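Chain by chain, the residues:
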Amino acid sequence: MTIYYSLTFLLLAAEMVTFCILVAPLPYPIKKRVFSFLSESKIVAKVAYGLKISFIFVAILFADALQRMFRVTAESDMAKTNKQGMIQDIRTDTGIAARKFYAQRNVYLTGFCLFLSLVLTRTFYIILDLIHTQEEYAKLKTSSSSSSSGSQSEQAKEIASLKKQLEEAKQKTRDYDILKKQAAQNNAEYDRLATELNDLSGKKSNKRVD
């Protein structure tokens, strides 16, 4: 295996380890710290930028390996067609089979490396969105509980104010009834005094006539 395919294999192994870490059932606080560090660290951002460049080279290797695999497959088919009815050369067949195997291995290696890079990127952002959603849910839950307690306190204040107003209205009604009774009593007393005054005035007038 050449050095660039060896590096591709190491990159694929690193991707597999990273994927296992991402999907591991870690506790929420630890997972939150890890993903916050990965999404906010400048060093991680530089490493990710370097990996993007390396994946461009892996894509070029994938295209080259795919082209070689097609060419070796065509040569193998042509060799089988030309050797029909003839004695087969074992060394030639072994060499063609080895070249075909290496070409397919390189295609699978680079292809899985590219595919796993896409899976890792998508998985990372899905988990990051999930963590943000959980944070927003916790904030909404806290704010709703505080608002409900605040609304309950406001309702209690409003009920107390209404009770106070009701007591004041009742007190005013009682005062009005008392004033009404007093006015009725005063009116009755005034009528009585007026009647007595009229009676006295009538008696005096009668005496003067006599």
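Provided above is the structure to which this section pertains.
This text gives an overview of the structure that appears in the document. Position labels on residues start from 1 in each chain and follow its written sequence. Per-residue local features are limited, in this predicted model, to residues with pLDDT of at least 70; the limit for side-chain atom pairs, both in listing and counting, is 80 or more; totals at the level of whole chains, interfaces and linings are taken over all residues. Think of the side-chain values as coming from all heavy atoms in the structure, minus any hydrogens and water.

1. Focus on the overall build of the chain
Consideration 1: Under the DSSP-based scheme used, a helix requires at least four consecutive residues in state H or I and a strand at least two consecutive residues in state E, with every element numbered from the N terminus. When helices and strands are counted, the chain shows four helices and zero strands.
Consideration 2: Moving toward the C terminus, one meets the helices and strands of the chain in the order α-α-α-α.
Consideration 3: Classification of the 210 residues of the chain by burial places 15% in the buried group.
Consideration 4: In the chain, of all internal contacts separated by at least 6 residues, the share reaching a separation of at least 24 is 90%.
Consideration 5: Accessible areas in this description were obtained via Shrake-Rupley with a 1.4 Å probe; residue shielding takes into account the shown protein chains only. As displayed, the chain offers around 16700 Å² of accessible surface, 65% of which is attributable to carbon and sulfur atoms. A simple rule labels every residue: compare its accessible area, found with a 1.4 Å probe on the protein chains alone, to the largest value its type can have, and call it buried under 20%, exposed over 50%, or partly exposed in between. Any pair of residues with heavy atoms lying within 4.5 Å of one another is described as a contacting pair.

2. Here's the deal with the layout of surface pockets
By rolling a water-sized probe across the atoms, one finds the places where empty space is left.
Consideration 1: Considered as a void within the structure, the largest pocket measures approximately 870 Å³ in volume.
Consideration 2: In terms of lining residues, the largest pocket is bounded by 25 residues, among which Val-44, Ala-48, Leu-51, Thr-121 and Phe-124 are the most central.
Consideration 3: Counting only elements with at least two residues in the lining of the largest pocket, the list comes to α1 (3-22), α2 (28-40), α3 (42-82) and α4 (90-209).
Consideration 4: Examining the composition of the lining of the largest pocket, we find that nine residues originate from one element, α3, more than from any other.
Consideration 5: Charged means Asp, Glu, Lys or Arg here, nonpolar means Ala, Val, Leu, Ile, Met, Phe, Trp, Tyr, Cys or Pro, and polar covers whatever is left, Gly included. Taken together, the residues of the lining of the largest pocket sort by class into 18 nonpolar, five polar and two charged. For cavity detection a 1 Å grid was placed over the protein atoms alone, and a set of points counts as a cavity when a 1.4 Å probe fits there but cannot get out; an open set counts as a pocket when protein lies on both sides within 12 Å along at least five of seven lines, with lining residues being those that have an atom within 4 Å of a point. Grid points are joined across faces, edges and corners, and a volume is the space filled by probe spheres set on the points.

3. Regarding the pattern of salt bridges
Consideration 1: Take a side-chain nitrogen of Lys or Arg and a carboxyl oxygen of Asp or Glu: if they are within 4 Å of each other, that pair is a salt bridge. Per the stated rule, a full pass over the model turns up two salt bridges.
Consideration 2: In this structure, Lys-32 engages Glu-135 in a salt bridge whose closest nitrogen and oxygen atoms are separated by 3.2 Å. Taken together, the positions of Lys-32 in helix α2 and Glu-135 in helix α4 put the pair 103 residues apart, joining distant regions of the chain.
Consideration 3: The exposure class of Lys-32 is partly exposed, given its relative accessible area of 32%.
Consideration 4: On the basis of relative accessibility, which here comes to 22%, the residue Glu-135 falls in the partly exposed class.

4. Side note on α1
Consideration 1: A helix is expected to span 1.5 Å for every residue after the first. Here α1 contains 20 residues, and its C-alpha end-to-end distance of 28 Å stays within 8% of the 28 Å for a straight helix at 1.5 Å per residue.
Consideration 2: Buried within α1 are the following residues: Tyr-5, Thr-8, Leu-11, Leu-12, Glu-15 and Leu-22. Axial view of α1: buried residues confined to an arc of 110°, hence all on one face. Along α1, exposed side chains directed more than 90 degrees from the buried face belong to Ile-3, Leu-7, Leu-10, Cys-20 and Ile-21. By definition, the arc is the one covered by directions from the helix axis to the C-beta atoms.

5. Considering the packing of aromatic side chains
Consideration 1: Two aromatic rings, drawn from Phe, Tyr or Trp (for Trp, its six-membered ring), form a pair once their centres lie within 6.5 Å of each other, and the interplanar angle then sorts them: stacked below 30 degrees, edge-to-face above 60, tilted otherwise. Taken as a whole, this structure holds four aromatic pairs when the rule is applied.
Consideration 2: Residues Phe-101 and Tyr-102 carry aromatic rings whose centres are separated by 5.6 Å and whose planes lie at 55° to one another, so their mutual orientation is tilted.
Consideration 3: By relative accessible area, Tyr-102 is classed as partly exposed at 43%.
Consideration 4: With 5.4 Å between their ring centres and 75° between their planes, Phe-124 and Tyr-125 make a pair best called edge-to-face.
Consideration 5: Residue classification places Phe-124 among the buried residues on the basis of a relative accessible area of 15%.
Consideration 6: Judged by its relative accessible area of 45%, Tyr-125 falls in the partly exposed class.

6. Side note on the environment of Ala-48
Consideration 1: Within the fold, Ala-48 resides in helix α3.
Consideration 2: Judged by its relative accessible area of 31%, Ala-48 is partly exposed.

7. Concerning the nonpolar core
Consideration 1: Definition of nonpolar core: a set of buried residues of the types Ala, Val, Leu, Ile, Met, Phe, Trp, Tyr and Cys, connected through side-chain atoms within 4.5 Å. Of all hydrophobic cores here, the largest spans 13 residues; its most connected members are Tyr-5, Leu-11, Leu-12 and Cys-113.
Consideration 2: Looking at this core, the elements with two or more residues in it are α1, α3 and α4.
Consideration 3: Setting aside anything within four residues of it in sequence, one finds Cys-113 in contact with Thr-8, Leu-11, Leu-12, Glu-15, Phe-55 and Val-58.
Consideration 4: Core analysis: the next-biggest nonpolar cluster, separate from the first, contains seven residues, Leu-22, Phe-35, Leu-128 and Ile-131 among them.

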